[in-house]
Amino acid sequence: MSDLDRQIEQLKKCEPLKESEVKALCLKAMEILVEESNVQRVDAPVTGECASRAWHYEAICLYVLETSFTQRAQNNMFWSIFIVVEADPICGDIHGQFYDMKELFKVGGDCPKTNYLFLGDFVDRGFYSVETFLLLLALKVRYPDRITLIRGNHESRQITQVYGFYDECLRKYGSVNVWRYCTDIFDYLSLSALIENKIFGVHGGLSPNISTLDQIRIIDRKQEVPHDGAMCDLLWSDPEDIVDGWGLSPRGAGYLFGGSVVTSFNHANNIDYICRAHQLVMEGYKWMFNSQIVTVWSAPNYCYRCGNVAAILELDENLNKQFRVFEAAPQESRGAPAKKPAPDYFL
Amino acid sequence: MGAPEKSQANASSMQRVKVYRLNDDGKWDDQGTGHVTVDYLETILITQRTEELGLFVFDEEDHETLLLHRISADDIYRKQEDETFHGANSELRELPGVELSTLPLILKTLVESGLSDQMRLTELILNDQEFFRKLMELFRICEDLENIDGLHMIYKIVRGIILLNSPQIFEKIFGDEFIMDIIGCLEYDPEVPHVQHHRNFLKEHVVFKEAIPIKDLPVLSKIHQTYRVGYLKDVILARVLDEATIANLNSIIHANNALVVSLLKDDSTFIQELFARLRSLSTSAESKKNLVYFVYEFCSLSKSLQMVQQLRLFRDLMNEGIFDIMTDALQSQDKKLVLTGTDILILFLNQDPNLLRSYVVRQEGIPLLGLLVKGMLTDFGDDMHCQFLEILRSLLDSFTLSGAQRDTIIEIFYEKHLGQLIDVITASCPSDDSAQSGKSSGSGGRVENQNVVKPEILSNICELLCFCVLHHPFRIKCNFLLNNMIDKVLLLTRRREKYLVVAAVRFIRAILSRWDEHLINHFAKNNLFKPIVDAFVRNGNRYNLLNSAILDLFEFIRKENMKSLLKYIVDSFWNELVKFDYLASIHSLKVKYEQCLETSGARSTVTVSEPRKRIDERALEKEEEDYFNEDSDEEDTASASMSNNNKKGQAQVLSNGVASSYTPSSPKSVGLVDYDDDEDDEDYKPPPRKQPENDEDEGTIIDPLRLKRKLPLKDKEPEQGKKHRLVKNLKSKDIVFAALCTTLSQAVLPGNKPASTVHVTSRTADGDNKSSGEGNHQENEHAVARDFPDNNINPEENHRENEPAASRSCSELLHTTSENRQLGGEDCALIPPKSSPEMAVNGS
């Protein structure tokens, strides 16, 4: 088992990594992320072609057929089942709710077997931003093509200093070095994703400065999320029913945009719809503007008190949609694992 | 029968209760849990035709009658003595005596009582002086007898008591008398297969280190208590505690820390002894190390003090000479000790940055700055060492600082250390044949010629340099121009690590954002874009961060209308860039270039340059004002402090003098504020949201404005689009193919033909958009309309026709706006527009 695999196992138990491990992980992640584009291309699942997916279906076959693996392999039934299950999820905000993210993986399937697209906001607000982000990052380094992470408005130095990630790093590591490394990585995260040229994934929404996807290309994204401009808007904007065209956002960054804006953007870029996150929706997902844009929210019982359900959007090879709604992890499965106690103390 | 059904139906509205019955042995037997109701007895017992009321408890699961009690006005309370009845509203009167036999009842009371009962229970436990003593006695007996059931029961009771979350109970059980036994009880978690050895760990393995013996016993006891409570919270009960309990335990720890730090800091003999030992030559290295670790814990726990007290403590520590001691620590071979030293410095900076700053400017403080720079350049292996960069940034920050202190630090830094940083870059980048590699910067710091500098160190250097560009524009300008530092930083573009190449590009972007014509002309003059264009070309058609960063740089130059750079870049590199013409930004760079030639050719030089000059002059006044209001401190004092110094200092003053009367010609700068701040992120100032927020109508106003500003840009879009759109239609997989086609056609058909073929496709693409697009409709229409005349004359030809006139007038234009002819665009203007890059190099 490689170090990285061991670290992934450890993180899956919600145990944070050592500082030195975080450092090594971040440096590796940087090399991978720097090669990604501002509009990261994501393919729909490719049915039956990928050997490493086999075990995922194997697990599902067991459930459906209750026959042995060899039998099925002989009968060729193994392959016939693939089509049913193959779907890759798009996930919305996580916000450090580690145990709820584990629920998400239970619903959507394990990472290397299923391809994931996360639309940002991994950190802040929940209790386990460190573990949540590091697990996602470790998966990214281990399986770069199987998981896509794009940046949310909370992947920012300023915001994390207010909403918890900074304090959590300080509390868990005794210094803010880990925060520094992680926020440096945030600067490298891609800004959006394009699935099979048909679905545009972004954390917040559209920008008056961006009418075509090509205009996103010329953003030098390696910077703190600016206070205005295209990059800021992509991460901060919200669709709004009552707005015609563009409106001011009550958030103080980004814009509100109406249906006509979405229509012309989708048309100009020849995409079917926009998939975004950024706003809490009690039902986990919400379509707007005649199915031209959908909000996906993946933090159940947000802030441990909002009482909402969460959802992920699964897409199969033909881009057929299925929303999988899930609830917060049961209380028993929560709770931090024991920390390693400091071996000595002066005070 | 009606009743059970009825009770079932009403179950939710009825009280949920537990029923116990006293058995013959004097113990309470659990009868089960159910719902209580009051009803006529006859409904149950049909045979008895009475009108009496009865109290019923039906089991919550099987609806069996758990309890039937006839209510009579006289004896109901007396009768209750026979049957203990716990309802949510019932009074909990007393605690059962603590015996092995009553443990189950205690546990049930604890675990199953409602909120109001819990408070009552807490009271009872606190009132019973003997409760914990007896419970702990019982625990020791059970442990002796290895009575596992009893121990499990006691575990649950103790856990339940902790979860009552009562500060008074905590005070009792975390006292010296009970805490170890309490921890002992918690070793017997029935859900954990193996018995835990917490007490053993605390007694045998944890080391309480005493850097200086603490004689005050209450302080000692608090110190131990703090550790143990923390251990209980983080280790023993980590998975059990709820938020509220954790918060209460944290406040115990917080209060303890405050008390301990406060008592120790007021103990003058203690502090004196601490510093005496830290200074003493006879103190062993090992115990000095421990003393520094102690200081770190001491300082970091002082966060629990009130702000004022904390500040006073840090001042006191500084007066005792803590920074001297940190200077020593930073020279240690022991990396952990060095990092602890920096952690202490960060604590001081967080408290009040001026403490460290005021030290560093003093004679004895100068070595510390050097050690910090050295630390930043040192390989700490697996350890993180972001602290060094952080401290240096804080010391060099010119936004939050004012006055002589800042300037002295900055001066020392530039004098002694900037060269050191640059040397590390030159030493660790492959130095090709190229003209750029050069003489050493000739500055003081000596750096071991290690070619194996870790890339993250180079990245930190680059980050610090970007920071300097923003904070010390004049200082950096002088240094960069004199020592060819930009060339050296650009060596990073040769590194294999793409993020270093990106870092170098960002560095250039930071410089350009200063809009300093000296520096801008310096780029053209020294062909500094060659490494960037090379990196861009090398990166090929990959759409990655490097690609985006360089496109952004070009875009910036175009939008800001940096004519001399535009001209230099297109003149020198178009042969290489032409194969990226399918990218909108590259294409519009060329278009802008042509426009620039065109406009300066079409209109007379005079009419163009004069209003510009006037604007510049107006801008100048305002800028000068702002400049002196805002940023003057630095330069004034800097020049003052330097004037008695040396030639270098004079050069500085001179160049500053020039700079202050020498202003950027950016139209933006008319209403000058620090415009580059908007683009940059190095400073973490809170987002001052721009005006739109204030005005509600602004939203509708601002958009047309934006559009209008964008229109000239949009005009060209269909042209820019060309291949770019073609490519988009072909989809990503075909990008390579398309690019290949472009290159091929370029090779096969020299001259203008490739461009015109593309024009045809682009027009159809625009036609589509025109007919169907909604939002873009207007823009496109406008754009397409403009597209036609442009298409009639091939841009290439157009260019050539205007070339001689254009290039002349363009350069003249540059000259009139630029006040410094020596450093002006003269050289680059002499290069013929179609010249090859080699010529450009020679020309400069």
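Residues numbered from 1 in each chain as written. Chains lettered and ligands numbered in written order. Predicted model: local features only at pLDDT ≥ 70, side-chain atom pairs only at ≥ 80, totals over all residues.

Colleague: Is there a simple way to think about the overall build of chain A in this case?
Modeller: If you tally the helices and strands in chain A, you get 13 helices and 15 strands. Put simply, chain A has 347 residues, and 51% of those count as buried. (Helix = DSSP H or I, 4+ residues; strand = E, 2+ residues; numbered from the N terminus. Buried ≥ 20, exposed ≤ 12 C-beta atoms within 10 Å, placed from the backbone.)

Colleague: Please clarify how the overall build of chain B should be interpreted in this entry.
Modeller: Along chain B, the regular secondary structure elements total 41 helices and six strands. Counting across all 844 residues of chain B, residues that qualify as buried make up 37%. Of the contacts formed within chain B by residues at least 6 apart in sequence, a portion of 71% connects residues at least 24 apart. (Contact = placed C-beta atoms within 7 Å.)

Colleague: Just checking my understanding: could you explain the confidence of the model for chain B for this structure?
Modeller: Should the pLDDT be low somewhere, the predicted coordinates at that spot are not to be read in detail. Residue and element names in this part refer to chain B. Confidence in the prediction of chain B, expressed as mean pLDDT, is 71, and 60% of residues score 70 or more. Here residues 43-49 is modelled with pLDDT under 50, and outside its nearest four sequence neighbours on either side it reaches six contacts, counting other chains as well. Counted against residues more than four places away or in other chains, residues 604-844, with its pLDDT under 50, gives 287 contacts. If you check the scores for this complex, the pTM reads 0.69 and the ipTM reads 0.89. (pLDDT = per-residue confidence, 0-100.)

Colleague: Looking at this model, I keep getting lost on the nonpolar core. Mind explaining?
Modeller: Most often, soluble globular proteins have nonpolar side chains that are buried together. Membership of the largest hydrophobic core comes to 256 residues, with the highest contact counts inside it found for A:Val296, B:Ile154, B:Val489, B:Leu492 and B:Ala504. Ranked by the residues each element gives to this core, the list is headed by helix α24 (residues 498-512) of chain B, at twelve residues. Both of domain 2 (102-265) and domain 3 (515-600) of chain B provide at least three residues apiece to this core. For B:Ile154, the contacting residues outside a window of four places in its chain are B:Leu103, B:Leu135, B:Leu138, B:Phe139, B:Cys142 and B:Cys185. Ranked by size, the runner-up nonpolar core spans five residues in total, among them B:Val36, B:Phe56, B:Val57 and B:Phe58. (Core = buried A, V, L, I, M, F, W, Y, C linked by C-beta atoms within 7 Å. Domains from an automatic or database assignment.)

Colleague: So what exactly am I meant to see when it comes to the sheet that holds strand β2 (residues 88-91) of chain A here?
Modeller: Within a sheet, adjacent strands bond to each other through the backbone by hydrogen bonds, running parallel or antiparallel. Residue and element names in this part refer to chain A. Here five strands make up an open sheet; going across it, the order is β4-β3-β2-β13-β14 and the pairing mixed. Because the sheet does not close on itself, it has two edges, and the strands there are β4 (147-149) and β14 (321-326). Between one strand axis and the next, the sheet turns by 20 degrees as a mean value, whatever way the strands run. Pairing analysis gives three bridges linking strand β3 (residues 116-118) to β4, with the strands arranged parallel. Directly across from tyrosine 116, in β4, lies its bridge partner isoleucine 147. (Pairing = 2+ DSSP bridges. Axes fitted to C-alpha atoms, helices over the stretch in contact; angles between N-to-C directions.)

Colleague: I keep staring at the confidence of the model for chain A and nothing clicks. Help me out?
Modeller: Confidence in the prediction for chain A averages 87 pLDDT; 86% of positions are at 70 or higher. Taken as a whole, residues 48-85 of chain A scores under 50 in pLDDT and shows 28 contacts with residues more than four places along the chain or in a different chain.

Colleague: So what exactly am I meant to see when it comes to the packing of helix α15 (residues 322-330) of chain B against helix α18 (residues 366-377) of chain B here?
Modeller: Angle between the axes and distance between the axes are the two parameters that describe a pair of packed helices. All names here are of chain B. For the pair α15 and α18, the least separation of the axes is 10 Å and the interaxial angle reads 35 degrees. Considering only the axes of α15 and α18, their crossing is left-handed. Taken together, the residues of α18 that come into contact with α15 (itself represented by Phe323, Thr327 and Leu330) are Pro367, Leu368, Leu371 and Gly375. Considering only residue class, the contact of α15 with α18 consists of five nonpolar, two polar and no charged. (Left-handed = near helix turned anticlockwise from the far one by under 90°. Nonpolar A, V, L, I, M, F, W, Y, C, P; charged D, E, K, R; others polar.)

Colleague: What is the right way to read the pairing of β2(A) from this model?
Modeller: The side chains of a regular strand alternate between both faces of the sheet. Residue and element names in this part refer to chain A. Of the two faces of β2, both are covered, the one formed by Asp88 and Ile90 as well as the one formed by Pro89 and Cys91. Alignment of β2 against strand β13 (residues 310-315), held across four bridges, turns out to be antiparallel. Its bridge partner lying in β13, isoleucine 90 is registered against leucine 313. Relative to β3, β2 runs parallel, the two being bridged by two bridges. Residue pairing in the sheet places cysteine 91 in a bridge with phenylalanine 118 of β3. Crossover β2 to β3 through helix α6 (residues 98-108) is right-handed. (Right-handed = clockwise from strand over helix to strand, strands pointing away.)

Colleague: Explain the pairing of strand β12 (residues 293-296) of chain A to me, please; I cannot follow it from the model alone.
Modeller: All names here are of chain A. Because side chains alternate across β12, one face comprises the buried residues Ile293 and Thr295, and the other comprises Val294 and Val296, equally buried. Both strand β10 (residues 273-276) and β12 contribute to a ladder of three bridges, which runs parallel. Bridging from a neighbouring strand, isoleucine 274 pairs with isoleucine 293 of β12. Sheet topology note: the strand β11 (residues 285-288)/β12 ladder contains four bridges and is antiparallel. Its bridge partner lying in β12, tyrosine 285 is registered against valine 296.

Colleague: So what exactly am I meant to see when it comes to the packing of helix α1 (residues 3-12) of chain A against helix α7 (residues 129-142) of chain A here?
Modeller: Residues and elements named next belong to chain A. Two numbers describe how α1 lies on α7: the axes approach to 9 Å, and their chain directions differ by 150 degrees. Classified by the interaxial angle, the pair formed by α1 and α7 is roughly antiparallel. Helix-helix and strand crossings are classified by hand; for α1 and α7 the assignment is left-handed. Where α1 abuts α7, its residues Leu4, Gln7, Ile8, Leu11 and Lys12 lie against Glu131, Leu134, Leu135, Ala138, Leu139, Val141 and Arg142. Of the residues belonging to the contact of α1 with α7, the class tally is eight nonpolar, one polar and three charged. (Parallel < 35°, antiparallel > 145°, perpendicular 65-115°, else oblique.)

Colleague: Looking at this structure, how should I read helix α11 (residues 243-266) of chain B?
Modeller: Residues spaced three or four apart along an α-helix point in a common direction, a consequence of the helix completing one turn every 3.6 residues. Residues and elements named next belong to chain B. The terminal C-alpha atoms of α11, which comprises 24 residues, lie 34 Å apart, in line with the 34 Å expected from a rise of 1.5 Å per residue. Within α11, burial applies to Leu249, Asn256, Asn257, Val260, Val261 and Leu264. Taken together, the buried residues of α11 touch α10 (217-236), α12 (268-279) and α13 (285-301). (Expected span 1.5 Å × (residues − 1).)

Colleague: Could you clarify how one ought to interpret the sheet that holds strand β1 (residues 39-42) of chain A in this entry?
Modeller: All names here are of chain A. Overall, mixed pairing links the six strands, which are arranged β1-β5-β6-β10-β12-β11 in an open sheet. Lying at the two open borders of the sheet, with one neighbouring strand each, are β1 and β11. In this sheet, adjacent strand axes meet at a mean angle of 20 degrees when their direction is disregarded.

Colleague: Would you explain unusual backbone geometry in this entry?
Modeller: A negative phi angle is the norm for most residues apart from glycine, just as the trans form is the norm for most peptide bonds. If you check the backbone angles, A:Glu196 has positive phi at about 50 degrees while not being a glycine. Here A:Glu196 is to be found in the loop between β5 (192-195) and β6 (199-202).

Colleague: Would you take a moment to explain the environment of B:Ile366 for this structure?
Modeller: Here B:Ile366 shows up in helix α18. Spatially, the C-alpha atom of B:Ile366 lies 8.2 Å from that of B:Ile412, the residues being 46 residues apart in sequence.

Colleague: Honestly, the environment of A:Ser207 in this entry has me stumped. Any pointers?
Modeller: Its location among the elements puts A:Ser207 in the loop between β6 and α11 (214-217). A:Ser207 has contacts with A:Ala230, A:Asp233, A:Leu234 and A:Ser237, leaving out every residue within four places of it along the chain.

Colleague: I'm lost on the environment of B:Asp423 in this one. Help?
Modeller: The topology assignment puts B:Asp423 in helix α20 (residues 403-428). The spatial distance from the C-alpha of B:Asp423 to the C-alpha of B:Lys488 is 8.4 Å, given a sequence separation of 65 residues.

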